[in-house]
Amino acid sequence: VTGSGSSDVNPSPRLAEVADRVFAYLQPDGGWCVNNAGIIAPPGGTVVIDTAATEARARALRASIGSVSTTKAQVLVNTHHHGDHTFGNFVFSGEAVIIAHELARTEMAEKGLSLTHLWPQTRWGELELVLPSVVFDDRLVLHAGDRRVELIHVGPAHTTNDVVAWLPEERVLFAGDVVLAGCTPFVLMGSLAGSLRALERLRALDPEVVVPGHGPVCGPEIFDANHAYLTWLDGIAKSGSAGGVGPLEAARSCDLGAFADLLDPERVVANLHRAYHELAHGPDWAYVPSGPAFADMVAYNGGVPLTCRA
Ligand SMILES: [Zn+2]
């Protein structure tokens, strides 16, 4: 483990070598907009998995590549459209081909930099929206030097367009936000039923190391932890919906139990918005408006705005 040494970002991100020349770029504490990335840097090819939310964080990520590779990033993968994973694309433009799922590109183009308005006090820097130039539907295989990297669409889960990066030789999985460690899963913009399906697909890959989209590096036990939360959520949604209680009231009256220790527990309200729609319209219901769900998360927190430490 090495520090990346950026004074612009606090607390400092760090690189953890999870397999030979395969690195997790970890940003504590893993809450809203403070995400992880990855660097695969064998001789002959450098692949970066995700960027970061702010200009300072994205530049620190790019600078850290120089500590593990003599070549610049040649390929950058966006695991999904969310701004914490994509806003830093622009610091790689001109050097890396940016790859994502087709729907990620669509969502990025539609939403632009609107996430920044949710947290106006965050020092975003001079962001510039840069969209992926290569998109795919189902699977795409990268060969980075002697490494095979399989990009697999497993959404809808956290979003419609979740892609994981799987290294079958090293048994390392970069899971994007389909897997979150130490913070609350978030399915508002994807699917609860789809998230449960995706976790089983990821489990079947049989990884030894799982790099979650937020939080510390894990093993496959993280699938059980995320599955436990989502099945618990499903139960709260079913009893709340049957009792005629709305998502906010259901969230307020439920006992989070051990899940109260996860970061950003207010996500339970937004997750219930999604779960209620799936109960009413079927598991593949596409769209749940974000505005009311975010308003309810703030209400759940007693009117205090959501905390972004990016
Ligand atoms: Zn996300």
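Coordinates for the structure precede this section.
Attention here is on the structure that accompanies the text. It should be emphasised that the depicted structure is a prediction, and the values quoted were computed from it without experimental measurement.

The rules behind each value
Residues numbered from 1 in each chain as written. Predicted model: local features only at pLDDT ≥ 70, side-chain atom pairs only at ≥ 80, totals over all residues. Heavy atoms only, no water. Helix = DSSP H or I, 4+ residues; strand = E, 2+ residues; numbered from the N terminus. Buried < 20%, exposed > 50% of the residue type's maximum accessible area, 1.4 Å probe, protein only. Donors = N, O, S within 2.8 Å, 3.2 Å for Na, K, Ca; no water. Tetrahedral: all angles 85-135°; square planar, octahedral: opposite > 155°, others 65-115°. Expected span 1.5 Å × (residues − 1). Contact = heavy atoms within 4.5 Å. Polar contact = N/O pair within 3.5 Å; in protein donor to acceptor, adjacent residues only side chain to side chain.

Once that is clear, we can look at unusual backbone geometry. The omega angle of the peptide bond from Asn10 to Pro11 is -15 degrees, so this bond is cis rather than trans. Here the bond from Gly155 into Pro156 is cis, since omega is 0 degrees, no more than 30 degrees from zero. One can find Pro156 in the loop between β10 (147-153) and β11 (163-167). With a phi close to 60 degrees, Arg171 is a non-glycine residue in the positive phi region. Looking at where Arg171 falls in the secondary structure, it is placed in the loop between β11 and β12 (172-174). Classification of Arg171 as partly exposed rests on a relative accessible area of 26%. For Asp206, which is not a glycine, the phi torsion comes out positive at approximately 65 degrees.

What follows covers the coordination of the zinc ion. Only His80 (NE2), His82 (ND1), His158 (NE2) and Asp177 (OD) from the protein reach the zinc ion as donors, at distances of 2.2 Å. Of note is the zinc ion, whose 4 donor atoms meet at the metal with angles of 86 to 172 degrees in an arrangement that counts as irregular. Within one chain, the residues donating to the zinc ion are spaced in sequence as H-x1-H-x75-H-x18-D. With a gap of 97 residues between them, His80 in the loop between β6 (75-77) and α2 (83-86) and Asp177 in the loop between β12 and α5 (192-205) connect regions that are remote in the sequence. Accessibility assignment for this pair places His80 and Asp177 in one class, buried.

Okay, α5 next. With 14 residues, α5 extends 20 Å from end C-alpha to end C-alpha; this agrees with the ideal 20 Å at 1.5 Å per step. Buried residues along α5 sit in contact with β10, β11, β12, α6 (221-242) and α8 (267-281). Capping the start of α5, Ser191 holds a side-chain oxygen 3.4 Å from the backbone nitrogen of Ala193, two or three residues further along.

None of this, on its own, says anything about what the molecule does.
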